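# Summary of the model geometry
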Amino acid sequence: NSRRDIHSRNIAVSLAESVDFMDIDYLLYTSPERTGRSPYSVDTRSDIYSLGASFYFLLTGRPPYHSPDMDVMQIVHHHIMDTLPATPCIHNPSVPSVLGDIILRMMHKSPDRRYQSCHGVMADLKRVAASLSATPMTSSATSARAIANNNKVSFVDIVPGFTLGQQDFVTSFKKC
């Protein structure tokens with residue numbers, strides 16, 4: 001079921017680890033095909049784009065395509081025509097590069113080059129989470145990195161890269 005309004009301002013995570021969506025539409029997180037100016041049909045992959053844009057905001061504190069002086073048409077242009085936004089690692093160096101790669105794949109302009117299912121996204125996010133949880137935060141290497149970074153622990157070196165989308169497949173898409 002497509003939500004059409006996935007973005008950081010309408011995602012609420014409870015302490016019980018459930019995720020709820022509130023109904024608020026926001027252009028900064030919309031997929032290219034939802035603008036009506038893209039040759040692609042709107043299907044469930046549009047939500048994957050919007051979720052990726054929301055993750056981008058949550059990790060960087062800024063929408064993927066935004067500057068204070070942009071008008072609506074410029075925002076739409078960026079979502080449709082521009083290249084992918086800068087990797088989240090540029091704005092937040094503590095974001096592991098593989099996590100930045102996952103987010104950028106979710107936000108690819110072409111739905112065919114995005115993740116094709118939420119299952120594929122989840123599989124890759126679980127691999128990142130497993131790498132983070134498998135690394136003891138008390139190791140001397142982590143402590144040395146924290147001291148070198150003014151006591152800020154960086155996860156960049158902890159999560160190894162891997163081929164994205166190995167468990168990402170679908171047989172059909174639900175049109176929205």
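Heads up: these notes are all about the structure in this document. (Residues numbered from 1 in each chain as written. Predicted model: local features only at pLDDT ≥ 70, side-chain atom pairs only at ≥ 80, totals over all residues. Heavy atoms only, no water.)

### Describing the pattern of salt bridges
Going by this rule: A pair is scored as a salt bridge if a Lys or Arg side-chain nitrogen falls within 4 Å of a carboxyl oxygen belonging to Asp or Glu. Labels follow the DSSP assignment, with helices taken as runs of H or I lasting at least four residues and strands as runs of E lasting at least two, numbered in each case from the N terminus. Note on exposure labels: buried denotes an accessible area under 20% of the residue type's maximum, exposed denotes more than 50%, and partly exposed covers the range between, all computed with a 1.4 Å probe on protein chains only.
Scanning the entire structure with this criterion turns up four salt bridges. For arginine 34, the salt bridge identified is with aspartate 47, shortest N-O distance 3.5 Å. One end of the pair, arginine 34, is in the loop between β2 (19-21) and α1 (44-60); the other, aspartate 47, is in helix α1, and 13 residues separate them in sequence. Residue arginine 45 pairs with aspartate 43 through a salt bridge whose shortest N-O separation is 2.7 Å. Of the two residues examined, arginine 45 and aspartate 43, each falls in the buried class. When salt bridges with common partners are traced through the structure, they connect Asp43, Arg45 and Asp112 into a single cluster.

### A word on helix α4 (residues 97-106)
Cut-off, in case you're wondering: Residue contacts are counted whenever heavy atoms from the two residues lie within 4.5 Å of one another.
Of all 10 residues in α4, seven are buried, a share of seventy percent or more. Here α4 has its buried residues at Val98, Leu99, Gly100, Ile102, Ile103, Leu104 and Met106. Check the buried side of α4 and you find it contacts α1, α3 (88-91) and α5 (118-134).

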